[in-house]
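Breakdown of the fold
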Amino acid sequence: MTAKATYQFIGKKILITGGAGDIGKATAHRFAANGASVALLDLNEPKMADVAGELKDYNVPVGTFRCDVTSADDVAKAFTSAVEQLGRIDYVFNNAGYQGVFAKTDEYPEDDFQKVININVVGVFHILKAAAQHLRFGGGGAIVNMASYAGVVGPPNMLAYAASKFAVIGITQTAAKDLAPYGIRVNALSPALIGPGFMWTRQTQLQAAVGSQYFDAEPKVVEQQMINSVPMRRLGSLEEVANGVAFLMSDEASYITGFNLEVTGGQ
Ligand SMILES: NC(=O)c1ccc[n+]([C@@H]2O[C@H](COP(=O)([O-])OP(=O)(O)OC[C@H]3O[C@@H](n4cnc5c(N)ncnc54)[C@H](O)[C@@H]3O)[C@@H](O)[C@H]2O)c1
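Residues numbered from 1 in each chain as written. Predicted model: local features only at pLDDT ≥ 70, side-chain atom pairs only at ≥ 80, totals over all residues. Heavy atoms only, no water.

Going by the annotation in an unreviewed UniProt entry, the name recorded for the protein chain is SDR family oxidoreductase, with Dendronalium phyllosphericum CENA369 given as the source organism. The record held by UniProt for the protein chain lists under Sequence similarities (unreviewed entry) the comment "Belongs to the short-chain dehydrogenases/reductases (SDR) family." (UniProt positions renumbered as here; feature names shortened; annotations may be inferred.)

Most of strand β1 (residues 13-17) sits inside the fold, with five of its five residues counted as buried. Neither face of β1 is open: one carries Lys 13, Leu 15 and Thr 17, the other Ile 14 and Ile 16, and all of them are buried. Bridge analysis of β1 against strand β2 (residues 37-42) gives five bridges, and the strand direction is parallel. Paired with Lys 13 across the bridge in β2 is Ser 37. Assessed by its sense of winding, the connection that carries the chain from β1 through helix α1 (residues 22-33) to β2 is right-handed. (Buried < 20%, exposed > 50% of the residue type's maximum accessible area, 1.4 Å probe, protein only. Helix = DSSP H or I, 4+ residues; strand = E, 2+ residues; numbered from the N terminus. Pairing = 2+ DSSP bridges. Right-handed = clockwise from strand over helix to strand, strands pointing away.)

Turning our eyes to something else, we now look at the sheet that holds strand β6 (residues 184-191). Spatial ordering of the open sheet is given by β3-β2-β1-β4-β5-β6-β7, a layout of seven strands whose pairing is parallel. Two strands lie at the open edges of the sheet, namely β3 (62-66) and β7 (260-263), each paired on one side alone. Each strand of the sheet is rotated relative to its neighbour by a mean of 15 degrees, with strand direction disregarded. Two elements, β2 and β3, share five bridges in a ladder whose sense is parallel. Bridging from a neighbouring strand, Val 38 pairs with Val 62 of β3. Each of β1, β2, β4 (91-94), β5 (141-146) and β6 touches helix α4 (residues 110-137); the most contacted strand, β5, lies at about 175 degrees to it. (Axes fitted to C-alpha atoms, helices over the stretch in contact; angles between N-to-C directions. Contact = heavy atoms within 4.5 Å.)

Further remarks concern the nonpolar core. With 34 residues, the main nonpolar core has Ile 14, Phe 31, Leu 40, Phe 93, Leu 189 and Met 249 as its most contacted residues. For this core, the secondary-structure elements that each account for two or more residues are β1, α1, β2, α2 (45-55), β4, β5, α8 (238-249) and β7. It is α8 that contributes the most residues to this core, seven residues altogether. Ignoring sequence-local partners within four residues, the contact set of Phe 31 consists of Phe 9, Ile 14, Ala 36, Tyr 91, Val 245, Ala 246 and Met 249. Ranked by size, the runner-up nonpolar core spans 33 residues in total, among them Ala 82, Tyr 98, Leu 128 and Ala 176. (Core = buried A, V, L, I, M, F, W, Y, C linked by side-chain atoms within 4.5 Å.)

Listed below in structure tokens is the structure:
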């Protein structure tokens, strides 16, 4: 018996939101290295251009599209432009997100709560809906919604973020049922402590600054406290998150839908 090479995406086309960020970029590298064309969507145009520049070495088509996922109009326009440029889309990585401020529940600011829900829930809905409308007429495809381990177990001082990521897991379960008749699989991915990267550094600094009973006031100590909570006693890498996305998009996951893959080192 000869085993097939796993997770080849030659000729496939993936759209990645939050494509200028750490996980979006690592996933773009992973798919481009395996032969996929890539459409990056993000608010941050200079960083998106940098990522696109890095992807040149893979010799696959890459497009960048400025898009605020909280705007249904922006999403419709960016999705249409991406389809026009790449011909079609097979996979959508619904990944753009914002961690919110870190504050205790009784002090959590109203405006930031709204902002987190707008980006992480309403934004995910806009992309999911646009993806479903496109993929259904293309005969199917796969969507991965970026959740978080904070959507499985609510961490302290992250009220809005936890709410938003629990919502993403619920959205995934319903969308998987609604879209299965169209041959569209919808799964969620829930990383825990991932780094090095922007969100890792930010969360250790901000957890330290809150002054709660859960974390030390010194970010370096917080890092160690967090790592000690992981059974595998290390951070997950950005590449390990991208591996999870690749698996969920691949044909090897062809019977998996409505699932939340926890990339947590055993947390
Ligand atoms: N890094 C982690 O430890 C970790 C763990 C669990 C889940 N996540 C989730 O993974 C996703 C990516 O995180 P990351 O670590 O790459 O963070 P990041 O901050 O590096 O990237 C997030 C990207 O989303 C973009 N973005 C934010 N608001 C947007 C909007 N309204 N429209 C379009 N783009 C917008 C940002 O410009 C940024 O490029 C997020 O949804 C995050 O919640 C991250």
